[in-house]
Amino acid sequence: MIHIAKPQMGDEEKQAVLEVLDSGMIAQGPRVKAFEEAFAEMCGVGHAIATSNGTTALHVALLAQGIGAGDEVITSPFTFIASANSILFTGAKPVFVDIDPATFNLDPALIEAAITPQTKGIMPIHLFGLTCDMDPIMEIAAKHGLIVIEDACQAHGAEYKGKRAGSFGTGTFSLYPTKNMTSAEGGMITTDDETIAEKCRVIRQHGMRRRYYHDELGFNFRMTDVHAAIGLAQLGKLARFNAARRANAAYLSANLKGVVTPVVPEGYTHVFHQYTVRVQDGQRDALMQHLTANGVGNMIYYPVPIHQQTFYVSELGYGDVQLPETERAAAEVLSLPVHPALSQEDLETIVAAVNSFTG
């Protein structure tokens, strides 16, 4: 079976973990600090704050920006549910805007119509490794005095017009094992705002600025040095991993037949966390079965948009929300393997399996 994802761990990661274990400094310590500094440099920002996972990164970033009860945050319904749930965790309300059908990302042309007196922020989600169209989003935010929280959890190293994902507003990243780089589990917040950075550090560590002096309500959302050691080693390989993903994606796009392949708009650097095609005419599920039978892993990201999830409908009242492009995408998308471990033979097998179905 050609797996849909395959984390790449080598001797560097193993040695880094052993060094931390031998040092006796296992909780948040010098490796976390070094990882934060290196990650900030990669994103081109002044500060990075490590957390326990991508969801806590989102939660902390929202709280640090003052998002809370009664506020609204405009975002996309076509993503993993943690994005919207993190807004709920603060007491705020997610307001969903439909997607651009070509990119699967938040459609900037629809944002202003969703703004109300309660709107405090916009959360663009850089889905599948492609950044949102950030110029109009930042212009709208500036015009209306809104905060921008980038969900870059799938976009490590992605670029928009020469700027890295995570450098526009307050950025958030996941370091889950299937991401373009991993710390086994972890998250990262990025910002150029020193005040926001300090606020994030306080919130992630029980509201402490000094040990055992708790200035405000906080959480235990810290990263360990063990995870940071893995993350540092992975960060050193990120450029190579992303280059392999782009090369694999280029081969697939040049050779696949009968499916709609991903777009890469001019000025964007796509890092292909997922290689996601559209399968039209109601053939998606049949193609899935065909690929699985032929040893090609595949996955639907995401079969049910957030506004149609049971909890959001039955408990939060989103049942009347209709977002046609999102709903159409959920019925047509299918992700194929694109990870760096694929061989040329694997790529040829994927193409042959798809094309033998589509004809």
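Only a predicted model underlies this, so the values are computations on that prediction, with no experimental measurement involved.

**Q** An account of the overall build of the protein is requested, with residue identities and associated values reported.
**A** Helix and strand counts for the protein come out as 13 helices and 14 strands. A globule of 359 residues ought to have a C-alpha radius of gyration of about 21 Å, and the protein, at 20 Å, matches this closely. With respect to the three principal axes, the spread of C-alpha positions in the protein is 65 × 55 × 40 Å. Evaluated residue by residue, the protein yields a buried proportion of 54% over its 359 residues. A sequence separation of at least 24 residues applies to 71% of the contacts in the protein between residues at least 6 apart. Accessible surface for the protein amounts to roughly 14900 Å². Of this, 51% is attributable to carbon and sulfur atoms. Separation between the mean location of the 26 positive side-chain charges and that of the 39 negative ones in the protein comes to 5 Å.

**Q** Let's hear about a nonpolar patch on the surface: which residues, and what values?
**A** Where nonpolar side chains cluster on the molecular surface, the patch consists of Leu-18, Leu-21 and Ile-26 and spans about 250 Å² of accessible area. For Leu-18, the location among the structural elements is in helix α1 (residues 11-23).

**Q** Tell me about the side chain of Arg-245, residues and numbers included.
**A** Along the chain, the position of Arg-245 falls in helix α9 (residues 238-255). Summary of buried charges: Arg-245 has no salt-bridge partner, and the nearest side chain of opposite charge, Glu-13, is 12 Å away. Within the structure, Arg-245 has its side chain in polar contact with the backbone oxygen of Phe-272 (distance 3.0 Å). What Arg-245 contacts, discounting residues up to four positions off in sequence, is Thr-178, Lys-179, Asn-180, Val-271, Phe-272, His-273, Val-338, His-339 and Pro-340.

**Q** Explain the sheet that holds strand β12 (residues 268-269) to me, using residue names and the numbers behind them.
**A** Taken in spatial order, the three strands of this open sheet run β7-β6-β12, and their pairing is antiparallel. Each edge of the open sheet is held by one strand with a lone partner, namely β7 (163-164) and β12. Where strand β6 (residues 159-160) lies against β7, two bridges are found, and the strand directions are antiparallel. Counted as the bridge partner of Tyr-160 is Lys-163 from β7.

**Q** Provide a residue-level description of the nonpolar core, including the pertinent values.
**A** Ranked by internal contacts, the top residues of the largest apolar core, which has 55 residues, are Phe-78, Leu-256, Tyr-275, Leu-334 and Leu-336. For this core, the leading source of residues is helix α3 (residues 54-64), giving six residues. Once you skip the residues sitting within four places of it in the chain, Leu-334 turns out to touch Tyr-275, Thr-276, Val-277, Val-279, Arg-284, Leu-287, Met-288, Leu-291, Asn-298, Met-299 and Ile-300. Formed by 22 residues, the second largest nonpolar core is a distinct cluster that contains Phe-35, Ala-48, Ala-50 and Ala-155.

**Q** Quick one: what's the story with the packing of aromatic side chains, residue by residue and with numbers?
**A** Using the criterion set out here, one finds 15 aromatic pairs in the structure. When the centroid spacing of 6.2 Å and the interplanar angle of 50 degrees are considered together, the rings of Phe-96 and Tyr-312 count as tilted. Here Tyr-312 lies in helix α11 (residues 310-314) and Phe-96 lies in strand β3 (residues 93-96), a separation of 216 residues in the sequence. By the burial criterion, Phe-96 is buried, and Tyr-312 matches it. With centroids separated by 5.1 Å and ring planes inclined at 85 degrees, the aromatic side chains of Tyr-160 and Tyr-268 adopt a geometry described as edge-to-face. Remark: Tyr-268 occurs in strand β12 and Tyr-160 occurs in strand β6; sequence separation between them is 108 residues. Across the pair, Tyr-268 and Tyr-160 agree in class, each one buried. One aromatic cluster is present, built from ring pairs that chain together Phe-78, Phe-104, Phe-128, Tyr-301 and Tyr-302. Geometry around Phe-168 places Lys-163 over its ring, the cationic atom sitting 4.5 Å from the centre.

**Q** An account of the environment of Val-304 is requested, with residue identities and associated values reported.
**A** Looking at where Val-304 falls in the secondary structure, it is placed in the loop between α10 (284-293) and α11. Looking at Val-304, the relative accessible area reads 34%, which means it is partly exposed. The sequence separation of Val-304 and Phe-128 amounts to 176 residues, and the corresponding C-alpha distance is 16 Å.

**Q** Account for the packing of α1 against helix α8 (residues 225-235), naming residues and giving values.
**A** Following both chains from N to C, one finds α1 and α8 inclined at 150 degrees, their axes separated by 8 Å at the closest point. Regarding the angle of α1 to α8, the classification is roughly antiparallel. Crossing handedness for the pair α1 and α8: right-handed. Of the residues in α8, those in contact with Glu-12, Glu-13, Ala-16, Val-17, Val-20 and Leu-21 of α1 are Asp-225, Val-226, Ala-229, Ile-230, Ala-233 and Gln-234. In terms of residue class, the contact of α1 with α8 is built from eight nonpolar, one polar and three charged.

**Q** So, empty space enclosed by the protein: which residues are in play, and what are the values?
**A** Overall, the coordinates contain one cavity of 30 Å³ or more when judged by the stated rule. As for the largest cavity, its lining consists of 15 residues, of which Lys-6, Pro-7, Gln-8, Lys-179 and Arg-245 are closest to the centre. When grouped by side-chain class, the residues that make up the lining of the largest cavity number six nonpolar, six polar and three charged.

Thresholds applied
Every chain's residues receive numbers from 1 upward, in the order its sequence appears when written. Only residues with pLDDT of 70 or above have their local features reported here, since the model is predicted, and side-chain atom pairs are shown and tallied only from 80 upward, although totals for entire chains, interfaces and linings are computed over all residues. In computing side-chain properties, one takes all heavy atoms of the structure into account and sets aside hydrogens as well as water. Note on conventions: DSSP H or I runs of at least 4 residues are helices, E runs of at least 2 residues are strands, and numbering of each starts at the N terminus. Radius of gyration here is computed from C-alpha atoms only, and the compact-globule reference equals 2.2 Å multiplied by the residue count raised to the power 0.38. Exposure classes here rest on a 1.4 Å probe applied to the protein chains alone. A residue is buried below 20% of its type maximum, exposed above 50%, and partly exposed in between. The contact definition used throughout considers only heavy atoms, calling two residues in contact when any of these lie within 4.5 Å. Per-residue and other accessible areas follow the Shrake-Rupley method at a 1.4 Å probe size, with only the shown protein chains counted as cover for residues. In this tally, Asp and Glu contribute negative charge and Lys and Arg positive charge; neither His nor the terminal groups of the chain are included. The atoms used to mark charge sites are NZ of Lys, CZ of Arg, CG of Asp and CD of Glu. Patch membership requires over 30% relative accessible area and the absence of a salt bridge. Like charges are linked within 9 Å, and nonpolar side chains (Val, Leu, Ile, Met, Phe, Trp, Tyr) within 5 Å. Basic side-chain nitrogens of Lys or Arg form a salt bridge, by our definition, when they fall within 4 Å of a carboxyl oxygen of Asp or Glu. Whenever two N or O atoms come within 3.5 Å, that pair is a polar contact, provided that in protein one can donate a hydrogen and the other can accept it, and provided that, for residues adjacent in sequence, both atoms are side-chain atoms. Two strands qualify as a pair provided DSSP detects at least 2 bridges between them. Buried residues of nine kinds, namely Ala, Val, Leu, Ile, Met, Phe, Trp, Tyr and Cys, make up a nonpolar core once their side-chain atoms join them within 4.5 Å. Working definition: rings of Phe, Tyr and Trp (its six-membered ring) pair if their centres are within 6.5 Å, and the pair is stacked with planes under 30 degrees apart, edge-to-face with planes over 60 apart, and tilted otherwise. The rule is short: NZ of Lys or CZ of Arg within 6 Å of the ring centre and within 35 degrees of the ring normal puts a charge over the ring. Between N-to-C directions, angles span 0 to 180 degrees; the directions come from axes that are lines fitted to C-alpha atoms, helices contributing only their stretch in contact. We call two directions roughly parallel when the angle between them is under 35 degrees, roughly antiparallel when it is over 145, roughly perpendicular when it lies between 65 and 115, and oblique otherwise. Take the far helix as your reference; a near helix turned counterclockwise from it by less than a right angle gives a left-handed crossing, and one turned clockwise gives a right-handed crossing. Note that Gly is not counted as nonpolar here; it falls among the polar residues with everything else outside the nonpolar set of Ala, Val, Leu, Ile, Met, Phe, Trp, Tyr, Cys and Pro and the charged set of Asp, Glu, Lys and Arg. Here the term cavity refers to a set of points on a 1 Å grid, laid over the protein atoms alone, in which a 1.4 Å probe fits but cannot get out; the term pocket refers to an open set having protein on both sides within 12 Å along at least five of seven lines, with lining residues being those that place an atom within 4 Å of a point. Grid points are joined across faces, edges and corners, and a volume is the space filled by probe spheres set on the points.

Purely geometric numbers; function is a separate question.
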